[in-house]
Amino acid sequence: SLSANPRMLRLVVALRPMLRPEVVATMKKCFELFDHNHDGYISREDFSSAVGTHPIWYDLSKNMDVNHDFVITDNEFINGLVHHSLCKPISLPALTGNGYDL
């Protein structure tokens, strides 16, 4: 979790300006899909409205809700995605044959 690892949080925040604008825009669109009531936060209720009751909410909130206020902001969401990509990189062979062939 980012909140449990301040050094990783600083790294994620430092790397974020290096993301291409179109990548950030796509991440924000993903955030908006989950922000069901469009208040700028993803709550458990928003998440449930988007995908139904799912246990993954607890993993998302644990890993993305840095300030532990029970909602995920767009910044927390994007930082969480960056953190996940740093910690759980995908392998290129996993992408072949799935419409992502290079």
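Novice: Explain the side chain of Asp35 residue by residue, including any values.
Specialist: Mapped onto the secondary structure, Asp35 falls in the loop between helix 2 (21–34) and strand 1 (41–42). In this structure Asp35 is buried but unpaired, with Lys28 as the nearest side chain of opposite charge at 12 Å. At a separation of 2.8 Å, a polar atom in the side chain of Asp35 contacts the main-chain amide nitrogen of Gly40. Ignoring any residue separated from it by four or fewer positions in sequence, one finds Asp35 in contact with Gly40, Tyr41, Ile42 and Asp46.

Novice: Can you explain the packing of aromatic side chains? Please cite residues and give values.
Specialist: Enumeration over the complete set of coordinates arrives at four aromatic pairs. Between the aromatic rings of Phe31 and Phe77, the centroid separation amounts to 5.7 Å while the plane-to-plane angle is 65°, which identifies the pairing as edge-to-face. Here Phe31, found in helix 2, pairs with Phe77, found in helix 5 (residues 74–87); they are 46 residues apart in sequence, far enough to count as distant. With centroids separated by 5.5 Å and ring planes inclined at 15°, the aromatic side chains of Phe34 and Phe47 adopt a geometry described as stacked. With Phe34 in helix 2 and Phe47 in helix 3 (residues 44–51), this pair connects stretches of sequence that are 13 residues apart. Since its relative accessible area comes to 23%, Phe34 is described here as partly exposed. Residue Phe47 is classed as buried on the basis of its relative accessible area of 5%. Grouping aromatic residues by their ring pairs yields a cluster made of Phe31, Phe34, Phe47, Trp57 and Phe77.

Rules and cut-offs
- Residues numbered from 1 in each chain as written.
- Predicted model: local features only at pLDDT ≥ 70, side-chain atom pairs only at ≥ 80, totals over all residues.
- Heavy atoms only, no water.
- Helix = DSSP H or I, 4+ residues; strand = E, 2+ residues; numbered from the N terminus.
- Buried < 20%, exposed > 50% of the residue type's maximum accessible area, 1.4 Å probe, protein only.
- Lys, Arg positive; Asp, Glu negative; His and termini not counted.
- Salt bridge = Lys/Arg side-chain N within 4 Å of Asp/Glu carboxyl O.
- Polar contact = N/O pair within 3.5 Å; in protein donor to acceptor, adjacent residues only side chain to side chain.
- Contact = heavy atoms within 4.5 Å.
- Phe/Tyr/Trp six-rings, centres within 6.5 Å; stacked < 30°, edge-to-face > 60°.

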